[in-house]
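Chain residues, written in single-letter form:
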Amino acid sequence: IKTFSEMPEDELSQIQLIQKRAHVNSEDYFDTVQLKTFFEGVSDKVAFLDFESINPILPMFPNSKPFQHIPFLYSLHIWDSTSDTLIHHSYIHKPEDGDPRYNVINQLMKDIPKETTIFSFNDFFEKQIIDDLVNLYAEHSELWTYMKPLFKDLALPFKKFWIYSPKQKGKASLKEILPAFSDISHIGLSIKEGQDANYQYLRLLKKQVTLEEKIRVLEDLETYCKMDTFGLFLLYKMLYEKLK
């Protein structure tokens, strides 16, 4: 067997069958029934959140553990579907100001809209970050208890193959999905992966850069994080229009 079309369908799982037919027909697959169920109850105004963090082997700040993710940057896009308006909030902690966690959670709770569905890609990470922050700064615990159920994982429809494009080539990472369904990708960015963002910010904390390089790295970090949440918005809006 050398081509997708030669594969015997009676030997394929349901997911393999979706992939085969998408590649043979060069068509995107949408399971509109599952997608409509997934998006039930989503608010008219939606938010898209992404954190960047460091997780050093040796803790750098009080009340932190080895390998614990310490957020230093977030990007938050908010889209109102009724007016088709998109706004963006971002916070990056200055490395010379030490522990970023208090400032990150305080600013996030000001920026994030209430009574709004919040999308992340693999939202376990974002929720774990906020859980850790709220455990440290309990004044936000009541608000977080209310907000946590409003999170939805935008990676789920792609992992479950409720949507699939042959351009994904079987992969379900945001870096592969985004260019499959839009004209946007991470290719032209100086920072393209979360691990690189982690490394670059650690360099800033350890003062291993010149002032000029520090300014550039901070800009690159914000640009990378912003691309992730803008990408989530593009994917959501594509699905929103498809289902509408």
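Going by the structure above, here's the rest.
Below is a short write-up of the structure. The model shown is predicted, which means the values in this text are computed figures rather than measured ones. (Residues numbered from 1 in each chain as written. Predicted model: local features only at pLDDT ≥ 70, side-chain atom pairs only at ≥ 80, totals over all residues. Heavy atoms only, no water.)

Points about the nonpolar core
Most often, soluble globular proteins have nonpolar side chains that are buried together.
Move 1: Grouped together as the largest cluster of nonpolar side chains are 47 residues, with contacts concentrated most on Phe39, Phe119, Phe181, Leu221, Leu235 and Tyr236.
Move 2: Listed by contribution, the elements that provide at least two residues to this core are helix H2 (32-38), strand S2 (45-54), strand S3 (70-80), helix H7 (174-181), helix H8 (194-205) and helix H9 (211-243).
Move 3: When residues of this core are assigned to their parent elements, the largest contribution, 13 residues, is made by H9.
Move 4: Once residues lying within four places of it in the same chain are set aside, the contact partners of Phe119 are Phe38, Phe39, Val42, Val46, Ala47, Phe48, Leu49, Lys152, Leu154, Leu232 and Tyr236.
Move 5: Counting 21 residues, the second-largest nonpolar core is a separate cluster that includes Ala47, Ile105, Ile118 and Tyr137. (Core = buried A, V, L, I, M, F, W, Y, C linked by side-chain atoms within 4.5 Å. Buried < 20%, exposed > 50% of the residue type's maximum accessible area, 1.4 Å probe, protein only. Helix = DSSP H or I, 4+ residues; strand = E, 2+ residues; numbered from the N terminus. Contact = heavy atoms within 4.5 Å.)

What about the side chain of Glu126?
Move 1: Looking at the element boundaries, Glu126 is found in helix H4 (residues 123-136).
Move 2: The buried charged residue Glu126 lacks any salt bridge partner; its closest oppositely charged side chain belongs to Lys127, at an N-O distance of 9.3 Å.
Move 3: In terms of polar contacts, Glu126 uses its side chain to reach the backbone amide nitrogen of Phe51, at 3.2 Å. (Lys, Arg positive; Asp, Glu negative; His and termini not counted. Salt bridge = Lys/Arg side-chain N within 4 Å of Asp/Glu carboxyl O. Polar contact = N/O pair within 3.5 Å; in protein donor to acceptor, adjacent residues only side chain to side chain.)

Some points on a nonpolar patch on the surface
Move 1: A cluster of nonpolar side chains, contributed by Ile57, Leu58 and Phe67, occupies part of the molecular surface with about 360 Å² of accessible area.
Move 2: Judged by its relative accessible area of 66%, Leu58 is exposed. (Patch = residues over 30% accessible without salt bridge, like charges linked within 9 Å, V, L, I, M, F, W, Y side chains within 5 Å. Areas by Shrake-Rupley, 256 points an atom, 1.4 Å probe, with all protein chains shown as cover.)

As for the pattern of salt bridges
Move 1: Going through the model one piece at a time under the given rule, you end up with eleven salt bridges.
Move 2: For the salt bridge of Lys20 with Glu9, the shortest nitrogen-to-oxygen distance reads 3.4 Å. Here Lys20 is found in helix H1 (residues 14-25), whereas its partner Glu9 is found in the segment before H1, with eleven residues between them in sequence.
Move 3: A relative accessible area of 6% means that Lys20 is categorised as buried.
Move 4: Residues participating in the shared-partner salt-bridge network are Arg203, Glu213, Arg216 and Asp220.

Some remarks on the side chain of His140
Move 1: Along the chain, His140 turns up in the loop between H4 and helix H5 (141-147).
Move 2: Given the relative accessible area of 11%, His140 is considered buried.

A word on the sheet that holds S3
Move 1: Spatially, five strands are ordered S4-S3-S2-S5-S6 in an open sheet, and the strand pairing comes out mixed. Bordering the open sheet on either side are strand S4 (85-92) and strand S6 (151-153), each of which pairs with just one other strand. On average, adjacent strands in this sheet sit at an angle of 25° to one another, irrespective of strand direction.
Move 2: As defined by bridge partners, S3 adjoins S4 across eight bridges and the pair is classed as antiparallel. Across the sheet, residue Tyr74 finds its bridge partner in S4, namely Tyr91.
Move 3: Helix-sheet contacts for helix H3 (residues 101-111) involve S2, S3 and S4, and the interaxial angle to S3 is about 10°.
Move 4: In the packing of H9 onto the sheet, the strands contacted are S2, S3, S4 and strand S5 (117-120), and the crossing angle to S3 comes to about 35°. (Pairing = 2+ DSSP bridges. Axes fitted to C-alpha atoms, helices over the stretch in contact; angles between N-to-C directions.)

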